[in-house]
Structures are given as structure tokens and as C-alpha cells.
Amino acid sequence: MNVLEMQKGVQQKLNAMEIPIISEDVLWYLNRAQEQYIADQYVFLRGKYTDNQDIQLYTNAQKAMENLRTILSTEEITGTPNLSDSPFYNNAKVVDLTTLSGTFYYYVRSQSKDDATQANLINNRLVEQENIQKYIQTKYNNPIFRDNLVVIEGTNLLVFYDNQTDAGVSSVYLTYIKEPKKLVRTLVNDIVEGSDPPVSTTETDVCELPSHTHREIVNLATQLARQDRKDEVSRTQRQNFEG
């Protein structure tokens, strides 16, 4: 379904509800719906990596993986400036997320490679920024982890390892969700030179997500517009009553 078809779908649904809306606003709601849809699916997807003993959780995660497969990417990050020693922590590597082939949107999973370890690949576990002090190697703290630990800090991914990881971390395999392109009717900005037909690095006239998700995004955009309209009517009625 291209963006024009998605736009018409939203407008038809809103017209049936007698909710007036201009085409530019429909595009705004479609982009907002695309963002929310990805965020909702990400919640299901992350469930797989936090509690894979729950069958329903695992099933939801598998569905979310299929729904997001076209914007999922796995890359090996190695060598400076992509991967470097942290200037602040003795036992951490820094992955520069701005050097990825796609724009980083959500973290899914990662593994570290340690050339000195026979098993070679070590699982990474995402932890909260507020707990970072527990994992820093200092004169008085020499932590040992079962998995390497990762923390997202701005545009960097910090990979903490313990002293059992003899050679530190030589590379990182990162799976992440790429930021989706903005939905537009006609490509105007950031056109790749010489592309035929035109290709933009930031915009698309065909939703990047799998085709089976497009109708869900149309329905979600309709719901968002309808809710905003209800809120607007409610505010107007309250103002009139208070006035």
C-alpha cells in the first residue's frame, strides 16, 4: 500500500465518522501512527529477550519480529572510530551508534566478540543507566558478570566487560531497529543523486514496514485522529461551560 492509498483509507474512515480533516493532517497522523506502531511492537519484541519461558510472550515476540523485519538490521561493529576504548571507564568499549548503516532507533540485542576466549561470542545484557556504577572497574570494585553488560548513553552504546574477558572486546554484533523514513506523498528531500526512480534517504512514498502492517497503521492513524477530535470537542464544551 503506498502512502496515497493509506491517506485515502484514513480519510474515508474519518469521513464516515463525519470528522473533517485536511490531507496534510492525515499525513501527520500516519507518521505518528507509524512511530506508535513500531513502539508497541518493540515492547513485544523485547519481551522475548527478558523472559523467554513465557510461551505467550514468546509468541508475541515472534509476531513482532515479523511485523518489524524490514527495519531490523544486524551489523558487526569493529575498529575505530566505530568501536573504541571508553575514555571514562577502564572496563568498557564504546560503540558509536552514528556510524551504523541505518539510523539507530531501538536496541534489540547484541553480542561481544573476545578473541582470547575459546567460546568467542559473549551475550550482552541491556541494563539501566542508573545502575552503571555497579559495573565500573575501579581500585575498590572488580565486578564479575555472567554476560557482558550494555548501556545506551546518548549516541553511544557502552559495552562493559569483566577481567575474565582477557582481550576485552574486539567487535560487537548489534541487532537494532532502524528509524523509519517519513511517509510522504511525493519524494522531495534528500534524493539520492542519479537514482531512477527517485530514492530518498529520509522520505518514502511507500511504507517501509511489511505490507500486512499497513492496514493496522491506517486504523491506528484513524483512532489517533478520532481521539484528538474528541478531546478537542471536550475542551471546547468545558470552556463554553466555564465561560
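To be clear, the structure that these remarks concern was listed above.
Residues numbered from 1 in each chain as written. Predicted model: local features only at pLDDT ≥ 70, side-chain atom pairs only at ≥ 80, totals over all residues. Heavy atoms only, no water.

Draft legend 1. Local environment of the overall build of the chain. Of regular secondary structure, the chain possesses four helices and 10 strands. When its helices and strands are written in sequence order, the chain yields α-α-α-β-β-β-β-β-β-β-β-β-β-α. Taken over 243 residues, the chain has a buried fraction of 39%. For the chain, the proportion of contacts with a sequence separation of at least 24, taken over those separated by at least 6, is 64%. About 14200 Å² of surface is accessible on the chain, with carbon and sulfur atoms providing 46% of the total. (Helix = DSSP H or I, 4+ residues; strand = E, 2+ residues; numbered from the N terminus. Buried < 20%, exposed > 50% of the residue type's maximum accessible area, 1.4 Å probe, protein only. Contact = heavy atoms within 4.5 Å. Areas by Shrake-Rupley, 256 points an atom, 1.4 Å probe, with all protein chains shown as cover.)

Draft legend 2. Quick look at the side chain of Ser112. Turning to its location among the elements, Ser112 is positioned in strand β4 (residues 104–113). Take Ser112: its relative accessible area is 0%, and that puts it in the buried class. A distance of 2.6 Å separates a polar atom in the side chain of Ser112 from a polar atom in the side chain of Asn124. For Ser112, the contacting residues outside a window of four places in its chain are Asn120, Leu121, Ile122, Asn124, Asn148, Val159, Val169 and Ser171. (Polar contact = N/O pair within 3.5 Å; in protein donor to acceptor, adjacent residues only side chain to side chain.)

Draft legend 3. Here's a closer look at the environment of Tyr173. Mapped onto the secondary structure, Tyr173 falls in strand β8 (residues 171–178). Here Tyr173 falls in the partly exposed class, since its relative accessible area comes to 26%. Taking the C-alpha atoms as reference points, Tyr173 and Thr74, separated by 99 residues in sequence, lie 6.8 Å from one another. For Tyr173, the contacting residues outside a window of four places in its chain are Glu75, Glu76, Arg109, Ser110, Gln111, Lys113 and Leu121.

Draft legend 4. Region of the structure containing the nonpolar core. Counting residues in each nonpolar core, the largest one holds 43 residues, and the members touching the most others are Leu30, Val95, Leu174, Ile177, Leu209 and Ile217. Those elements that provide at least two residues to this core are α1 (3–16), α2 (23–47), β1 (72–78), β4, β7 (156–160), β8 and α4 (214–242). Considering each element in turn, this core owes the most residues, nine residues, to α2. If near-sequence neighbours (up to four positions away) are discounted, Leu209 is found in contact with Gln34, Tyr37, Ile38, Asn67, Leu68, Thr70, Ile71, His214 and Ile217. Core analysis: the next-biggest nonpolar cluster, separate from the first, contains 12 residues, Tyr89, Ile136, Val151 and Leu158 among them. (Core = buried A, V, L, I, M, F, W, Y, C linked by side-chain atoms within 4.5 Å.)

Draft legend 5. How the structure looks around the pairing of strand β5 (residues 121–126). Across three bridges, β4 lies against β5 in antiparallel orientation. Paired with Lys113 across the strands is Leu121, a residue of β5. Here three bridges tie β5 to strand β6 (residues 148–153), and the two strands are oriented parallel to one another. What sits directly across from Leu126, in β6, is Val150. (Pairing = 2+ DSSP bridges.)

Draft legend 6. Structural context of the packing of α1 against α2. Across the interface, α1 lies against α2 with an axial gap of 10 Å and an inter-helix angle of 105 degrees. For the element pair α1 / α2, the angle class is roughly perpendicular. Taking contact as the criterion, the partners of Val3, Met6, Gln7, Val10 and Gln11 in α1 are, on α2, Ser23, Val26, Leu27 and Leu30. Along the lines of polarity and charge, the residues of the contact of α1 with α2 split into six nonpolar, three polar and no charged. (Axes fitted to C-alpha atoms, helices over the stretch in contact; angles between N-to-C directions. Parallel < 35°, antiparallel > 145°, perpendicular 65-115°, else oblique. Nonpolar A, V, L, I, M, F, W, Y, C, P; charged D, E, K, R; others polar.)

Draft legend 7. Broad picture of the packing of aromatic side chains. Summed over the entire model, instances satisfying the criterion amount to six aromatic pairs. Considering the side-chain rings of Trp28 and Tyr29, the 4.9 Å spacing of their centres and the 80 degrees angle between planes classify their relative orientation as edge-to-face. Exposure remark for Tyr29: the relative accessible area of 11% places this residue in the buried category. Measuring from centroid to centroid gives 4.9 Å for Tyr105 and Tyr106, while their planes differ by 65 degrees, and the two rings are edge-to-face. These aromatic residues form a ring-pair network of at least three members: Tyr42, Tyr105 and Tyr106. (Phe/Tyr/Trp six-rings, centres within 6.5 Å; stacked < 30°, edge-to-face > 60°.)

Draft legend 8. Spotlight on the sheet that holds β4. Read from one edge of the open sheet, eight strands run β1-β8-β4-β5-β6-β7-β3-β2, paired in mixed fashion. What marks the edges here is a single partner per strand, and that holds for β1 and β2 (83–85). Ignoring which end each strand starts from, the neighbouring axes of this sheet average 30 degrees apart. Here β2 pairs with strand β3 (residues 92–96) via three bridges, running antiparallel. Looking at β3, one finds that Leu83 is bridged to Val95. Along the sheet, α2 makes contact with β1, β4, β5 and β8, crossing β4 at roughly 30 degrees.

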